[in-house]
Structures are given as structure tokens and as C-alpha cells.
Amino acid sequence: MLKAKLAHGWLLACSLLIGAPAQAGAPIVAAASDLQFALTDAAEQFQQQTGHALRLSFGSSGNFRRQIAQGAPFELYLSADERYVQALYEEGYTQDEGVIYAIGRLVWLQRSGRDDLPSEDAPLAAVQDALTAHVSGTTQRIALANPEHAPYGVAAQQVLEHAGLWEQTEPLRILGENVSQAAQFALSDDARGGLVAYSLALAPALSERSEYVLIPEAWHGELRQRMVLTNQAGEVASDFYQWLQQDEGQAILRRYGFSAE
């Protein structure tokens, strides 16, 4: 399970160093947790080609937006909601308005081997099943990211509202600090499943023990994911920012289910 850690007033969630020898000078990249696997692969490939290491910190987009405004030493910010990037630009914390790097998707994710995966025609049937079980005295948790600061949590709430299930599921919901933690909750023993990022469902670490069904895009707001260089960005962060927009970087994102704008 992913846990956030407080460091010097900033929440640096799941920090990873790509390339240990370059630790001292490696730029820190703040990335939405739906990118946990895709961006790690991208950073490794970038290092193989350039020799430059990156330090990746994964967490909720809303928390990172606040930390950057408070002076956190991030050089590149990849948000799952473009509005956070736009807000930072308007407040003068970024070099420009950044670019859309991907459009995200939401899925219903559950443990494999249950033999009750919902169909594409009724992807929330498992939520209905959990509500029925709850009436009978059995609690099966429904996982999602916290809508207060996680864009995928907002999308999950919109999906449940679309189906008229938001208020009904209140006693069943378990909130992850970010969508990566929500995915871990969705696969826990007491959970029926959860509404999480498609990119996580495709990652080998999760796909080996889970199954999923896509949620219709029309059921929630578009997950337009924008990235931007902060005013602290150096040459390596700038190079990685450009590399992610090119064919090799985009190919990795597509492999994890992200679509182009």
C-alpha cells in the first residue's frame, strides 16, 4: 500500500530515484499517481538514451499543486487535471501554460478469479451487488481516490452520481490518498473493487492479479492531463519534458492506455 510521507512541509509520495549514481543532481518530477508505472518506464528509457537520471515523486495532483505553490523543489509537474497547471501558471509558478500530454480513462477494477466481472453494458453492476450485500449485513468496500484533491476521484464521484449511486454508496466507500492507493484498496480482501485509472489496470504489477472493465467516457468529465515546467526547471527536466512529447515518450503513454488529445 502506498503511504504519503511529510518532508520539509511537502508531501512527497512514493519518491523513486531513476539512476542512483546521479542522485545529488537529479531533478525532481511531481507526477499524478496514475503515471506510476508509465512514467517510471519513460524515465528509465530516457536515462538509457541520455544518461540523465530523474527523481520521480507520485501522488495526488491537488496535493502537488499546493506544494509547488508553497515552494516545493519540483522542476516538472505532470497533473491528471489540467486545471491545477493552469492555476499555477496564473499564479506565476510555471514557465508557461504547459501542454496536454494525455487523456486518461477510468475503469472498474477488481481482484481476478471472482467470476463476476461486470459487463461493458453494465460496468457498475458490482457496485449494485455490493449495495445489495450491505442490506443483508455484508460490507464490501468500493474504492476510489479522494475527490477533494485527486482528479480520478472526482471522475469516480461523477460516475457514481451519473448512475444515481453516490449517496447510497457512502457507507461502502474507502478513499485512497491518490488513485494508486485506491487501486491497492480495490484489490484488498474486504473490497468488491474500485473505480481507478486505466493506466494502473494495464500495469503488469496489477494486471497479474486483477481484471477490469472500462467506464464509458461520457459518464464523467474528460481527464485532460497537462504537464508544465516550473520556474525551477533546469536543462534535464526541460529535455525530459520535450522527450515525453515526442514519439518514444508518447508510445509509452499509449501502451498504458492513455490517448492523445
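Because the structure is predicted, anything quoted here is derived from the model rather than measured.

Caption draft 1: Region of the structure containing the pairing of strand S9 (residues 141-145). Within S9, 4 of the 5 residues are buried, which leaves it mostly tucked inside the rest of the structure. Bridge analysis of S9 against strand S11 (residues 191-197) gives 3 bridges, and the strand direction is parallel. Among the inter-strand pairings, Ile142 is bridged to a residue of S11, identified as Gly193. With 4 bridges joining them, S9 and strand S10 (residues 173-176) adopt parallel strand pairing. Across the sheet, Ala143 pairs through a bridge with Ile174, a residue of S10. In this region the chain leaves S9, passes through helix H5 (residues 151-162) and returns to the parallel neighbour S10; the handedness of that crossover is right-handed.

Caption draft 2: Structural context of unusual backbone geometry. Positioned with a positive phi, Asp115 is a non-glycine residue whose angle comes to about 65 degrees. Relative to the helices and strands, Asp115 resides in the loop between strand S8 (106-111) and helix H4 (125-135). Asp115 sits in the exposed class, given a relative accessible area of 77%.

Caption draft 3: Spotlight on the pattern of salt bridges. Inspection of the entire model under this criterion finds 10 salt bridges. Glu91 is the partner of Arg65 in a salt bridge, and the nearest nitrogen-oxygen pair spans 2.4 Å. Placement of the pair is Arg65 in helix H2 (residues 61-69) and Glu91 in the loop between helix H3 (82-90) and strand S7 (99-104), with a sequence separation of 26 residues. Among the residues examined, Arg65 registers a relative accessible area of 18% and is labelled buried. By relative accessible area, which is 42% here, Glu91 ends up partly exposed. A salt bridge links Arg224 to Glu222, with the shortest nitrogen-to-oxygen separation between them at 4.0 Å. By relative accessible area, which is 55% here, Glu222 ends up exposed.

Caption draft 4: A look at the sheet that holds strand S12 (residues 210-214). Across the sheet, which stays open at both edges, the 5 strands sit in the order S10-S9-S11-S8-S12 with mixed pairing between neighbours. Of all strands in the sheet, those with a lone pairing partner are S10 and S12, marking the two edges. When strand polarity is set aside, the average angle formed by the axes of neighbouring strands in this sheet is 25 degrees. Sheet strands touched by helix H6 (residues 179-186): S8, S9, S10 and S11. Its angle to S11, the strand with the most contacts, is close to 155 degrees.

Criteria and cut-off values
- Residues numbered from 1 in each chain as written.
- Predicted model: local features only at pLDDT ≥ 70, side-chain atom pairs only at ≥ 80, totals over all residues.
- Heavy atoms only, no water.
- Buried < 20%, exposed > 50% of the residue type's maximum accessible area, 1.4 Å probe, protein only.
- Helix = DSSP H or I, 4+ residues; strand = E, 2+ residues; numbered from the N terminus.
- Pairing = 2+ DSSP bridges.
- Right-handed = clockwise from strand over helix to strand, strands pointing away.
- Salt bridge = Lys/Arg side-chain N within 4 Å of Asp/Glu carboxyl O.
- Axes fitted to C-alpha atoms, helices over the stretch in contact; angles between N-to-C directions.
- Contact = heavy atoms within 4.5 Å.

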